[in-house]
Amino acid sequence: MRPRTKSGVLWGLVGALTFLALTQGYVLLVGPLPLSLLVRLGVAVVLGVVVASAAYVTEYRVARKGRT
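Below or above, wherever it landed, is the structure these notes cover. Small disclaimer: the values here were computed from a predicted structure and weren't measured.

Rules used throughout
- Residues numbered from 1 in each chain as written.
- Predicted model: local features only at pLDDT ≥ 70, side-chain atom pairs only at ≥ 80, totals over all residues.
- Heavy atoms only, no water.
- Helix = DSSP H or I, 4+ residues; strand = E, 2+ residues; numbered from the N terminus.
- Expected span 1.5 Å × (residues − 1).
- Buried < 20%, exposed > 50% of the residue type's maximum accessible area, 1.4 Å probe, protein only.
- Contact = heavy atoms within 4.5 Å.
- Axes fitted to C-alpha atoms, helices over the stretch in contact; angles between N-to-C directions.
- Left-handed = near helix turned anticlockwise from the far one by under 90°.
- Nonpolar A, V, L, I, M, F, W, Y, C, P; charged D, E, K, R; others polar.
- Lys, Arg positive; Asp, Glu negative; His and termini not counted.
- Salt bridge = Lys/Arg side-chain N within 4 Å of Asp/Glu carboxyl O.

**Quick notes on helix α2 (residues 37–64)**
Each full turn of the α-helix corresponds to 3.6 residues, which orients residues three or four apart in the same direction.
Here's step 1: The end-to-end C-alpha separation of α2 is 40 Å, in line with the 40 Å expected for 28 residues at 1.5 Å each.
Here's step 2: Residues Arg40, Ala44, Gly48, Ala52 and Ala55 constitute the buried set of α2.
Here's step 3: Those residues of α2 hidden inside the fold are in contact with α1 (3–29).
Here's step 4: Positive phi appears at Gly66, one or two residues downstream of α2, with a value of about 80 degrees.

**Quick look at the environment of Tyr56**
Here's step 1: For Tyr56, the position within the fold is in helix α2.
Here's step 2: What makes Tyr56 partly exposed here is its relative accessible area of 27%.
Here's step 3: With 29 residues separating them along the chain, Tyr56 and Val27 place their C-alpha atoms 32 Å apart.
Here's step 4: Not counting residues up to four positions away in its chain, the partners in contact with Tyr56 are Arg2, Arg4, Thr5 and Gly8.

**A short note on the packing of α1 against α2**
Here's step 1: At a minimum axis separation of 7 Å, α1 and α2 run at an interaxial angle of 145 degrees. For α1 against α2, the interelement crossing comes out right-handed.
Here's step 2: Here the contact of α1 with α2 is composed, by residue class, of 15 nonpolar, seven polar and three charged.

**Some words on the side chain of Arg40**
Here's step 1: Topologically, Arg40 is positioned in helix α2.
Here's step 2: Notably, Arg40 is buried but unbridged: the nearest opposite-charge side chain belongs to Glu59, and the N-O separation is 30 Å.
Here's step 3: Those residues within four positions of Arg40 in sequence are excluded, and the remaining contacts are Phe19, Leu20, Thr23, Val27, Leu33 and Leu35.

Function cannot be inferred from these measures alone, as they are strictly geometric.
Structure representation (structure tokens):
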């Protein structure tokens, strides 16, 4: 796997896990969410794909401008 691809995938994983951690914290501190666990997992997957895509594109643009 190319470093740029790996970086994008890892950022996507960070975004998805952050969302899941925040929802779990909400459930523990405030109360139940109106979303089921499967819906939250689906949102986390979609969020992870969006973050991974954004990181992949942004890293190329930043590297091209020499701001690494």
